Each structure stands twice: as C-alpha cells, then as structure tokens.
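The primary structure of each chain is shown beneath.
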Amino acid sequence: MTIARTICLGFLAVISVGTLLLLLPISTSSGHWNSPIVALFTATSAVCVTGLIVVDTGTHFSPLGQCFILLLIQIGGLGYMTTSTFLILVLRRKFDLRQKLAIQESFDRPFLQGSRHLIRSIFITTLFFEFTGMLLTLQTFQKDHGFFQGLWLAFFHSISAWNNAGFSLFEDSLISYQNSVSINLVIPLLIIFGGIGYQVILELQYWLKSKLNGQRVLSIFSLNTKVVVRVTAFLLILGTIGFFTTEFLNPNTLGELTLKEKIFAAWFQSVTTRTAGFNSLDFGSMSDTALFITIAFMFIGASPSGTGGGLKTTTLGILINCTRSTLRGNEQVIMHGRKIPNTLIYKAIAVVLGSATMVVSVTTILSITEAGKFDFIHLVFEVVSAFATVGLSTGITADLSNISKLVLIFTMYTGRIGILVFMAAIFGDPRPTSLQYPEENLLVG
C-alpha cells in the first residue's frame, strides 16, 4: 500500500460514503430515493471540487442534502490526507512518518518537519477565509432572500468559492448577480486565494506578520511563491482582456451590458475559468473563440497545494522557461536566479503529456457515445472542465448519456488526485537503477 494508493483509495472511500448519503430520501427535496447516477456524479463532483452537475443543486437536494454536498466539498478541497491527518491530531493519536510522507505527497513539498503546525495553519487559514467571505457576501444575499436564507447562501457560496468547487444554489449560478460589486470582488478573491496554494498564503502571512511587528525579514519568498504569483497575475490579466475583446459585441453575453458591467463580467470569468466553475455569463451562448480560450485556461488550472486542478501554474512557468532556455542555447533552466532541477522538468513534461493523453482519450470516447448530439467543441469543453476540476459547462452535462457521465466521473476523479499520483498508484513506486546507457542524438522538431 503505497502513499499514492492510499490517497487514491481515500478519495474513493469519501466518494462512496458521499454517494450513499446523497442516495437517501432525506437528501432529496422530493423525499424519494435519489437516482444512483445522480448521487454518484454529484458526490464525485463535490469531493473532486469540480462543480459539474446533472441536476439543480438548489431545488433537487434538501437542506440536509446540501449540507452533505458542502461537507464533501470541504473534505475534497482540503484533500483526503489533510483531513484525515487533522482528525488524527484532534484525536491526539500518534502522528507517524507515514502521515508525514502522505502530506508531502499531497502538497508536493518536502516539509517533513513541522507537519503538525502546517495542518493546523491550513485549517485556521481555511476557516478565516470562508468566514470572512460569508460576512462580506451576507448583505448582498440578505437583500433578496432574507436573513436566514441569505446567511445560508453566503455560507454555502463562500465555502464553494474558497474550495474552487463552483457549486451554486442558484439555477443560473451567479448570472443574476453579475452587476453586484461585492459578488464580483469577494467571490473571485476567495477563488484566487483558494487556488493559489497554501504555501503561498502561509509565506504571505509570515511576511505580513513580520512587517506589522516591525521585524526585519531576513528570508525571501520561495521560488514557488514567486512563480505562482507572477503566472497567476499574468493569466488573470490576459483572461480578462481575452473575454472582454472576444465577447464585447456578443448580445447574448457582454453585448447588452454597460462598460462597467462588461469589465466586471470579463474579470469574473477570467478568475473562475481556471479553477472554480462559477459563471456570471452563459457559456452556452459564447462564441467558439471564447470557448477555445476558456478551454486553454481551464487546462492550465490553479497552483500546487491549492484547491484547484489543471496542469498548475508552476508547470506552465517551467515549460515556458525551458523553451526560452532552448531558444537561447542555454543548457540550464533558470528562474528568478535559481536553477531548475532536471527532475522537475521531467515531471512537468510528464504532467503535460499525461494530461493531454487523458483529455484526448476521454474526448474520443464522448465523441463516439454522443455522436451527432452535440458540437465537438462543447464535448472538448466538458472534458477539460471535468479533468481540470473546473466545473464550467455549456449546458450539456445533464443531457449526456449514462456512459458519458460515468466517463466524466472517472475523469473528475483522475484530475483531482493528479495524473502522476494516479499512474503511480497503478504502476507502483519507481525503482532506482544504477544502469548507465550510452548517449546518442536524434532529430527533434
């Protein structure tokens, strides 16, 4: 039982329990037993913090069922190993090396020391952002739905946004709030901080705390934080410009809005496209150009140790700098004055190749099972959204066949645990070898 297999089986166990809970009559608003495919799809989407749905969450599920979904989102966002390790700490059981190694595998960071403090910091940070987001959106929801319903809506959407889940209790997601300043600011900020990664947040907290205390900060930000912040900012700006220009005259999206509303909507889509799955515009009415841009941003995804999926911003940063070094004739890949190890470059290439293979394979299956029913770009959009655990849809999810839904369930699961972790669970841990082979060149490009 390797660490990778422990993580994979842990997520499967949570999905199974969630499916059983959502099957119960108490979980549906009608009081009847839920459909097995609906329960399985919803539980997988929640645990994998994807947000794809086959039924309307706000009307199909009872308040208790919505609580179950929210609990699954919270567990999925934190990660199975983080949640289970926290429970070990609460129960004051022994925190052994296996848990430390599992945490290292989950966050892809070699911090074996201070793991107890790390887990506590993660939970405190999560609760702080979720509670703050609830307070900041409460007034907006309270105006339309009263205090108690508004409180529940603010609580639900705050947790969903922080965990980059994209689940909404509104049938049109957040389209009806596309003019709300608070929603267009608070929800995107929750999404950004949730997807940027806990390591970046903890480093920012330490830096801010030191500054406020008047201490001289001797340490600098890690390379991971520098790359994540720079790539994230670049993608946010590029996405906003892309949506603004491509949909500016589209009467079904931005065309009928004022300039201020267009900027807000383009910004909101730029943030949510890469990780979250909320939408303030109808993606089914977007042009093919905007859909293609969305697919590219979804494929890139969030950042390591965050609550989003995709290739990750660091992977993109490594590949861009690797390409630049090749064009300049450099034998080393340098980022912010630091040399990138070859093992990280190999890993980045493996992530891209494995992810692309997964997307192509699943798209091929869906194009066969759904032949003639949907446009090809809509199928690609659905597959990338599922694999990158984004949750955006052009509105075809509920109309897919059961076979296609099962394929998407597997895709969401693989995307959440990570393609490399999934392959490691299948093939086992790599075995080092001392064999050395002769070197020879071949034609490339």
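Just so it is clear, the model here is predicted, and its values are computed rather than measured.

Novice: I keep staring at a nonpolar patch on the surface and nothing clicks. Help me out?
Specialist: On the surface, a cluster of nonpolar side chains totalling about 410 Å² of accessible area is made up of Phe 248, Leu 249, Leu 259 and Ile 263. Turning to its location among the elements, Leu 249 is positioned in the loop between α11 (223–246) and α12 (259–275).

Novice: Just checking my understanding: could you explain the environment of Ala 13 for this structure?
Specialist: Mapped onto the fold, Ala 13 is located in helix α1 (residues 3–23). Along the sequence, Ala 13 and Arg 230 sit 217 residues apart, while their C-alpha atoms lie 37 Å from each other.

Novice: Help me understand unusual backbone geometry, please; the structure alone is not making it clear to me.
Specialist: For residues besides glycine, phi is generally negative; the peptide bonds are generally trans as well. Positive phi, normally seen in glycine, also occurs at Asn 164, with a value near 55 degrees. Mapped onto the elements, Asn 164 comes out in the loop between α8 (147–162) and α9 (181–196). For Asn 164, a relative accessible area of 0% translates into the label buried. Even without a glycine there, the phi angle at Ser 173 is positive, about 60 degrees. Along the chain, Ser 173 turns up in the loop between α8 and α9. Exposure remark for Ser 173: the relative accessible area of 9% places this residue in the buried category.

Novice: What is the right way to read the pattern of salt bridges from this model?
Specialist: Opposite charge on two side chains lets them pair, provided their charged atoms get close. In the structure shown here, the tally under the stated rule is 1 salt bridge. The partner of Glu 370 in a salt bridge is Lys 373, with the nearest N and O atoms 3.1 Å apart. Looking at Glu 370, the relative accessible area reads 1%, which means it is buried.

Novice: Sorry, what's going on with the nonpolar core here?
Specialist: For soluble globular proteins, nonpolar side chains are generally found buried alongside one another. Residues Leu 22, Ile 73, Leu 174, Ile 187, Phe 278 and Tyr 413 are the most contacted members of the largest nonpolar core, which totals 105 residues. Looking at this core, the element that brings in the most residues is α1, giving 9 residues. Filtering out sequence-adjacent residues up to four positions away, Ile 187 remains in contact with Thr 137, His 157, Ala 161, Leu 174, Ser 182, Phe 268 and Phe 278. Counting residues in each nonpolar core, the second largest holds 12 residues, with Val 227, Ile 300, Val 333 and Ala 348 among its members.

Novice: What is the right way to read the environment of Thr 246 from this model?
Specialist: Within the element layout of this structure, Thr 246 appears in helix α11. The exposure class assigned to Thr 246 is partly exposed, which follows from its relative accessible area of 26%. Sequence spacing of Thr 246 and Ile 15 is 231 residues, and the spatial spacing of their C-alpha atoms is 38 Å. Looking at Thr 246, its side chain comes within polar contact range of the main-chain oxygen of Gly 242, at 2.7 Å.

Novice: It is not clear to me how the side chain of Thr 57 should be interpreted in this structure. Could you clarify?
Specialist: Position of Thr 57 among the secondary structure elements: in helix α3 (residues 57–60). Aside from chain neighbours lying at most four places away, what touches Thr 57 is Gln 66, Ile 69, Phe 156, Phe 167, Ser 168 and Leu 169.

Novice: What is the right way to read the side chain of Thr 273 from this model?
Specialist: Within the element layout of this structure, Thr 273 appears in helix α12. A polar contact of 2.4 Å, which involves the side chain of Thr 273, links it to the backbone oxygen of Gln 269.

Novice: Would you explain the environment of Leu 235 in this entry?
Specialist: Residue position: Leu 235 is located in helix α11. Accessibility expressed as a relative area gives 3% for Leu 235, which makes it buried. Distance in space between the C-alpha atoms of Leu 235 and Phe 278 is 17 Å, their sequence separation being 43 residues. When sequence neighbours within four positions are dropped, the list of residues in contact with Leu 235 reads Ser 270, Arg 274, Phe 297, Ile 300, Thr 313 and Leu 316.

Novice: Please clarify how the state of the cysteines should be interpreted in this entry.
Specialist: Simply put, disulfide is the name for a covalent bond between the sulfur atoms of two cysteines. If you walk through the whole model with that rule in mind, you get 0 disulfides. The closest cysteine sulfur to the non-disulfide-bonded Cys 8 is located on Cys 48, 11 Å from its own sulfur.

Novice: Teacher, can you tell me more about the packing of aromatic side chains here?
Specialist: Describing an aromatic ring pair means giving the distance of the ring centres and the angle of the ring planes. A complete count under the given rule lists 14 aromatic pairs for this structure. When the ring of Phe 283 is compared with that of Phe 381, the centres are 5.9 Å apart and the planes differ by 50 degrees; the resulting orientation is tilted. Of this pair, Phe 283 sits in the loop between α12 and α13 (288–300) while Phe 381 is found in helix α16 (residues 376–387), placing the two residues 98 residues apart along the sequence. Accessibility assignment for this pair places Phe 283 and Phe 381 in one class, buried. Each residue in the set Phe 128, Phe 129, Trp 162, Phe 193 and Tyr 198 is aromatic and connected to the rest through ring pairs, giving one cluster.

Basis of the calculations
Residues numbered from 1 in each chain as written. Predicted model: local features only at pLDDT ≥ 70, side-chain atom pairs only at ≥ 80, totals over all residues. Heavy atoms only, no water. Patch = residues over 30% accessible without salt bridge, like charges linked within 9 Å, V, L, I, M, F, W, Y side chains within 5 Å. Areas by Shrake-Rupley, 256 points an atom, 1.4 Å probe, with all protein chains shown as cover. Salt bridge = Lys/Arg side-chain N within 4 Å of Asp/Glu carboxyl O. Helix = DSSP H or I, 4+ residues; strand = E, 2+ residues; numbered from the N terminus. Buried < 20%, exposed > 50% of the residue type's maximum accessible area, 1.4 Å probe, protein only. Core = buried A, V, L, I, M, F, W, Y, C linked by side-chain atoms within 4.5 Å. Contact = heavy atoms within 4.5 Å. Polar contact = N/O pair within 3.5 Å; in protein donor to acceptor, adjacent residues only side chain to side chain. Disulfide = S-S within 2.5 Å. Phe/Tyr/Trp six-rings, centres within 6.5 Å; stacked < 30°, edge-to-face > 60°.

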